[in-house]
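The primary structure of each chain is shown beneath.
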Amino acid sequence: MRIAFNPARELDRVVRAVAASTPGFGGEFNPEIRPADPRFGDYQANGVLPQAKAAKANPRALAVALLDALKASPEFDAAHITAEIAGPGFINFKLTPAYYAGWLARFGDEASLRAGAAALYHGKSVIIDYPSPNTAKQMHVGHLRPMVVGEAVARLLEFCGAKLTRDNHIGDWGTNFGTIILAIKRTGYTLDAANDNALEELENLYKLGSGWIKSNPADGDASRAELVKLQNGDAENLALWEKIVAVSNAACERQYARLGVKPDVTLGESFYRDKVDRVYAELTDTGLAETSEGALVVWHDDEPRWKRDGGTPFIIRKRDGASNYASTDLATILYRVEHFRADECVYVTDGRQQEHFQQLFLTADKWFKKTGRTLPSLRHVWFGTILGEDGKAIKTKSGDPIRLKQLLDEAEERAFAIVTEKSADLPEDERRAIARTVGVASIRYADLVQNRTLDYTFSWDKLLAFEGNTAPYLLYAVVRTRSIFRKLGLELGQGEEGASAPETPHEISLARKLVNFSGAVDLACTELRPHHLCTYLYELAGEFSSFIAADRVIHDDPAVRARRLRLCARTCATLESGLRLLGIEPLERM
Ligand code: ARG
C-alpha cells in the first residue's frame, strides 16, 4: 500500500478496487474502514457483514475471499500492511513499522502535512461567514465563540486545501439605526473612530433613545421616520449611518486582532439592500413565494413545522416592505455563487439560529432547482452557550454580558501571575509576552476542546491549568520537545540521518499516533468540529510523555538515537501544526 497522508483513505481505495473484482462483492461495496482498537491494529473493515447479509452469504467466507484477494494484490504489500480476520467477518489491518517510518519521512514538517491534507478540499472555493457581529454594539462574551470556532474551522478548511474567503457578514442594516440616529441628532453626539469608548457610547445612545420611545409614542414615530429616511437614501442619515458602521468596525477590529481574526471581505446585510428585489421577483415568479398578510412568505409543505396549515412560513419580506434577515441571506447566497463562484458556504453562528438556516437552505435548494442553478453545499456550523458557574449563560454580577475586552484582559493578567510564579527568572517583558499568548490561548482552547454543539462552563482554574487537556499543557509539551534539541545544540530536524524504523513498543505507539494526525485533521475538517483535533493533540502529548519516560533519546547507538530524535521532532512539528490550526501560536519557552 502506498504511503498516503491519510492511510485510511488509501486503504479504502485499495479495498474497494480489490473487492470490485472479487466474487460476492458488487461495485457498491463500502468496506467501512474505521480506526481500530490499537491492540488489534490500525484500522478495521466493518463492511463485510452488511454485504453478506444483503447477499444472504456467509460473512466469514466472504471475508476470507476478500482477504485472499487483498493478499494477492500487488497494491497490498506485506512490507507496509498486514491483515487478519476477526470475529464473524471483520478484517483488522495493521500498518508495519516500515510504513510508519516511510510516513514520518514523507510528512516531516508543516508544509508537507499541509500538502498531504490538501486533497480533501482540493481547491474548492469555500466562503466562511464569521464572526459577523451586529453593528453598534460592544463585543461581549457572546462574540467569543463565533470568532474562536470560526477561526479554527477556517484554518482547518484552508489546511485541507480550500480556496477560502472569510466573509464578515455584519448586521449593519437593522431597525436599531432609526433610534440611534434620532439620539445622535438630538444630543449632538460626535462620532469618532479613534475613540476607544465609541461603541459603549453608541450603546448608551441607543438605550437613551429606546427610553424616549417607551415613554413617548411620538418619539417612536420620530425614530421610524429616521429609519425610513435612511432606507430611502436620505443623504444626512446615510452619512451618519456610514459613520456609525465605520466606528463600530474599527472598535470590533481591535478585538478581532487580539484573537487573530482577519476577514478578507466585510459584506454586511446593507451590501445586499439593492440585491433583494431580484430575490423577491425570482421567488415569486417560480411560485415559491406568495403574499400573506402583506408579507412575502415561503411555505414548505414538505416539512410539518413550516407547512401552510399549522406551521410558520419563512418570511422573506416584511409587511412594511422592508427586507429582513431572510431576504439578505438569500441574496447573499446568490452573490456568493455568482461573484465568488462558491462551491461551499459555511456559516458560523449560535445554535439558536438553526431554524433560520434550515429554512434558508431548504428555500435556496428549491429556488436554485427551479432556476436551473447549482446550489453550493451549505453548512451551518453552530455552537452552544458559554455557561457561568451557576449553569446559566455567563453574565456579570449586574446581569450584563461580560465585555470581550475585559475577559481577554483578565485572561492575560491571570496568565501573567502564573507565568511569574513558574518562571520568575525570565525578564518581565518576556513574561508579559508569554502571558499574552497563554491567556488568550487558554480561553480559545477551552472553547474548542468541547464539541461545539454542547454548552460548556467557563472556569478560570480549569482553563489555565497546566494539567489536563488545556492550552498551557499543550504549549508546555511543545516547549519540552524543543528543549531536547536546544540542550543538544541541534535545530529541530537535525540528527535524524540514518534513522531506523520504530522498534520498541513506545516508539511504535508514538509513531502510530503521529500518523493519526491525518485522521484527526480529516475528521475535524469533514465534520467541521475542531474538538477532534484537540482530543488528538492531548493524546499525542500523553503518548510523547510515555515515550520519553520509557526510551532514552540520547542513546549510544546512532541509529536508535536518530530515530528517537526523529520522533521528538515530528511530535514537535505535529503539536505546533495542530495548535496553529486551532489559532494558537506556539511558544519557544515558557
Ligand atoms: N449578525 C448575525 C448575528 O449577530 C450573524 C450573521 C451570520 N451570518 C449570516 N449570513 N446570517 O446573530
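Only a predicted model underlies this, so the values are computations on that prediction, with no experimental measurement involved.

To continue, consider the overall build of the protein chain. Of the regular secondary structure elements, the protein chain holds 21 helices and 13 strands. For the protein chain, the C-alpha atoms occupy an extent of roughly 85 × 70 × 40 Å along the three principal directions. By the burial criterion, 52% of the 590 residues in the protein chain qualify as buried. Long-range pairs, those at least 24 residues apart, make up 73% of the contacts in the protein chain between residues at least 6 apart in sequence. A total of about 25,900 Å² of accessible surface is found on the protein chain, and carbon and sulfur atoms cover 51% of it.

Cis geometry marks the peptide bond from Tyr-130 to Pro-131, where omega comes out at -10°. In this fold, Pro-131 is placed in the loop between β5 (125–129) and α6 (144–159). We note that Lys-56 has phi near 50°; this positive angle belongs to a residue other than glycine. Inspection of the secondary structure puts Lys-56 in the loop between α2 (48–55) and α3 (59–72).

So, about the sheet that holds β5. The 4 strands lie next to each other as β6-β5-β10-β11, forming an open sheet whose pairing is parallel. Each edge of the open sheet carries a strand with a single partner, namely β6 (163–167) and β11 (377–383). Neighbour to neighbour, the strand axes of the sheet diverge by 20° on average, direction disregarded. Looking at chain direction, strand β10 (residues 344–350) and β11 are connected through 7 bridges and run parallel. If you follow Tyr-347 over to β11, its bridge partner there is His-380. In this fold α6 packs onto β5, β6, β10 and β11, with an angle of close to 165° to the strand it touches most, β6.

This next bit is on the pattern of salt bridges. Applying the stated criterion across every chain, the model contains 50 salt bridges. Arg-278 serves as the salt-bridge partner of Glu-282, at 3.5 Å between the closest nitrogen and oxygen. Of this pair, Glu-282 and Arg-278 both sit in helix α11 (residues 276–285), separated by 4 residues, roughly a single helical turn. Accessibility expressed as a relative area gives 38% for Arg-278, which makes it partly exposed. With its nearest N and O atoms 2.9 Å apart, the salt bridge here joins Arg-414 to Glu-410. On the criterion of helical spacing, the pair formed by Arg-414 and Glu-410 is a turn pair, its members being 4 residues apart in helix α14 (residues 404–422). Note on Arg-414: relative accessible area 32%, which makes it partly exposed.

Turning next to the site of the ligand. Around the ligand, the structure places Asp-129, Ser-132, Asn-134, His-169, Tyr-325, Asp-329, Tyr-347, Thr-349, Gln-353 and Phe-357. Note that a nitrogen atom of the ligand is positioned 2.8 Å from one of the side-chain N or O atoms of Asn-134. Separating a nitrogen atom of the ligand from a side-chain N or O atom of Asp-329 is a distance of 2.8 Å. For the ligand, whose free accessible area comes to 350 Å², the fraction covered by protein is 86%. Of the residues that constitute the shell around the ligand, the class distribution is 3 nonpolar, 5 polar and 2 charged.

What follows deals with the side chain of Glu-151. For Glu-151, the position within the fold is in helix α6. A polar atom in the side chain of Glu-151 sits 2.8 Å from the side chain of Arg-155. Beyond its immediate sequence surroundings of up to four residues, Glu-151 is in contact with Tyr-130, Pro-146, Arg-166, Gly-260, Val-261, Lys-262 and Arg-444.

Now for the packing of aromatic side chains. Using the criterion set out here, one finds 20 aromatic pairs in the structure. Taking 4.9 Å as the distance between ring centres and 45° as the angle between the ring planes, the aromatic pair formed by Trp-103 and Phe-107 counts as tilted. The same class applies to Trp-103 as to Phe-107, namely buried. With centroids separated by 6.0 Å and ring planes inclined at 80°, the aromatic side chains of Tyr-335 and Phe-340 adopt a geometry described as edge-to-face. When its relative accessible area of 19% is taken as the criterion, Phe-340 is described as buried. The rings of Phe-271, Tyr-272, Tyr-335 and Phe-340 are connected pair by pair, giving a single aromatic cluster. Between the NZ or CZ atom of Arg-373 and the centre of the ring of Phe-368, over which it lies, the distance is 5.6 Å. Positioned over the ring face of Phe-466 is Lys-422, at 4.4 Å from the centre of the ring.

Once that is clear, we can look at the sheet that holds strand β7 (residues 289–292). Spatially, 3 strands are ordered β7-β8-β9 in an open sheet, and the strand pairing comes out antiparallel. In this open sheet, the two edge strands, each paired with only one partner strand, are β7 and β9 (314–317). In this sheet, neighbouring strand axes are inclined to one another by 45° on average, regardless of whether the strands run parallel or antiparallel.

We now examine the environment of Asn-134. By the secondary structure assignment, Asn-134 is in the loop between β5 and α6. For Asn-134, a relative accessible area of 43% gives the class partly exposed. Considered as a pair, Asn-134 and Phe-547 are 413 residues apart in the sequence and their alpha carbons are 49 Å apart.

Further remarks concern the nonpolar core. One broad trend across soluble globular proteins is that nonpolar side chains are buried collectively. Counting residues in hydrophobic clusters, the biggest one holds 151 residues, and the most contacted among them are Leu-66, Phe-93, Leu-157 and Leu-202. Residues within four places of Leu-202 in sequence aside, it is in contact with Ala-136, Ile-180, Ile-184, Tyr-189, Leu-191, Ile-244 and Val-247. Of all hydrophobic cores here, the second largest spans 31 residues; its members include Ala-289, Ile-316, Ala-326 and Cys-345.

Here we take up the state of the cysteines. Tallied over the full model, the rule gives 0 disulfides. Distance from the sulfur of Cys-160, which forms no disulfide, to the nearest cysteine sulfur (Cys-525) is 3.5 Å. For Cys-160, a relative accessible area of 0% corresponds to the buried category. For the unlinked cysteine Cys-568, the closest cysteine sulfur is that of Cys-572, found at 9.3 Å.

It is worth spelling out helix α18 (residues 505–515) at this point. All buried positions along α18 are accounted for by Glu-507, Leu-510, Ala-511, Arg-512, Lys-513, Leu-514 and Val-515. The elements touched by buried residues of α18 are α1 (7–20), β4 (90–95), α4 (97–106), α19 (517–527), α20 (531–550) and α21 (558–581).

Definitions and limits used
- Residues numbered from 1 in each chain as written.
- Predicted model: local features only at pLDDT ≥ 70, side-chain atom pairs only at ≥ 80, totals over all residues.
- Heavy atoms only, no water.
- Helix = DSSP H or I, 4+ residues; strand = E, 2+ residues; numbered from the N terminus.
- Buried < 20%, exposed > 50% of the residue type's maximum accessible area, 1.4 Å probe, protein only.
- Contact = heavy atoms within 4.5 Å.
- Areas by Shrake-Rupley, 256 points an atom, 1.4 Å probe, with all protein chains shown as cover.
- Pairing = 2+ DSSP bridges.
- Axes fitted to C-alpha atoms, helices over the stretch in contact; angles between N-to-C directions.
- Salt bridge = Lys/Arg side-chain N within 4 Å of Asp/Glu carboxyl O.
- Near = heavy atom within 4 Å.
- Polar contact = N/O pair within 3.5 Å; in protein donor to acceptor, adjacent residues only side chain to side chain.
- Nonpolar A, V, L, I, M, F, W, Y, C, P; charged D, E, K, R; others polar.
- Phe/Tyr/Trp six-rings, centres within 6.5 Å; stacked < 30°, edge-to-face > 60°.
- Lys NZ or Arg CZ within 6 Å of the ring centre and 35° of its normal.
- Core = buried A, V, L, I, M, F, W, Y, C linked by side-chain atoms within 4.5 Å.
- Disulfide = S-S within 2.5 Å.

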